[in-house]
Amino acid sequence: MPMEELYAITTRELAKDLVFEIDDEPVTLSIRGVLLARTDSKGYNFSFFELSEEEFVLVVQMKGFVVYLGIESDEELEEDVYPELVRALLEHLAPQIALLITKAEKDYPGRADLLLDDDMSSDLKEFFYGLLVKHRQGKPVYEQTEVA
């Protein structure tokens, strides 16, 4: 039952389109993938990976877990908007991520699971499934990517 509850939280709280105003223009961001994994660190941290001008991954680490959010934009984004975008995303999504991690702390028996695959692009799928395999095998996840 714990996995079903985690999937339910993910689909109810995170599988949505978000509209933000960037440079006075509305931009729609769609959360396409969510990966939950255990980590040895109990600290709080976040990272941001750009996969293309329209796709990126926001990584939030807390309480021994890391949550990867695969996000797709409806238009190309310039690098200079990333700091504002990340701040807005963290502000908006922190309660939902905290809810997911709090539930996982209590009941999650696994090492890593993909909780959402909502029509991810092939690049996003490759990134997520690569992370999933590394987490499940206990390998370092930053071998092929740069830490932001």
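The structure presented is a predicted model; accordingly, all values stated were derived computationally and were not measured.

(A) Seen up close, the packing of aromatic side chains. Counted by the stated rule, this structure contains 6 aromatic pairs. Measuring from ring centre to ring centre gives 4.7 Å for Phe48 and Tyr82, while their planes differ by 55 degrees; the resulting arrangement is tilted. Separated by 34 residues along the polypeptide, Phe48 in strand S3 (residues 45–50) and Tyr82 in helix H2 (residues 82–107) bring together distant segments of the chain. The exposure class assigned to Tyr82 is buried, which follows from its relative accessible area of 9%.

(B) Layout of the nonpolar core. Residues Leu29, Val34, Leu69, Leu77 and Leu89 are the most contacted members of the largest nonpolar core, which totals 36 residues. Going through the elements one at a time, helix H1 (2–14), strand S1 (17–22), strand S2 (25–38), strand S4 (55–62), strand S5 (65–73), H2 and strand S6 (112–117) are the ones with two or more residues in this core. The biggest single contributor to this core is H2, with 10 residues. Ignoring sequence-local partners within four residues, the contact set of Leu69 consists of Leu14, Ile31, Gly33, Val34, Phe56, Val57, Leu58, Leu93, Ile97 and Phe128. Core analysis: the second largest hydrophobic core is formed by 16 residues, Ala37, Val57, Tyr68 and Val141 among them.

(C) How the structure looks around the pairing of S2. For S2, the buried fraction is high: 10 of the 14 residues fall into the buried class. Judged from the 6 bridges that link them, S1 and S2 form a sheet pairing that is antiparallel. In the sheet register, Phe20 faces S2, and the bridge partner there is Val27. Here S1 folds back onto S2 in antiparallel fashion, the turn holding 2 residues, of which Asp23 has a positive phi close to 50 degrees. The sheet contact formed by S2 and S6 spans 5 bridges and is antiparallel. When the bridges of S6 are listed, Leu36 appears paired with Asp113.

(D) Summary view of the environment of Lys125. As for its placement among the helices and strands, Lys125 is situated in helix H3 (residues 122–137). In the structure, Lys125 is positioned 87 residues away from Arg38 in sequence and 20 Å away in space, judged by C-alpha atoms. Leave out the neighbours within four places in its chain, and Lys125 touches Asp117 and Met120.

Rules used in this analysis
Residues numbered from 1 in each chain as written. Predicted model: local features only at pLDDT ≥ 70, side-chain atom pairs only at ≥ 80, totals over all residues. Heavy atoms only, no water. Phe/Tyr/Trp six-rings, centres within 6.5 Å; stacked < 30°, edge-to-face > 60°. Helix = DSSP H or I, 4+ residues; strand = E, 2+ residues; numbered from the N terminus. Buried < 20%, exposed > 50% of the residue type's maximum accessible area, 1.4 Å probe, protein only. Core = buried A, V, L, I, M, F, W, Y, C linked by side-chain atoms within 4.5 Å. Contact = heavy atoms within 4.5 Å. Pairing = 2+ DSSP bridges.

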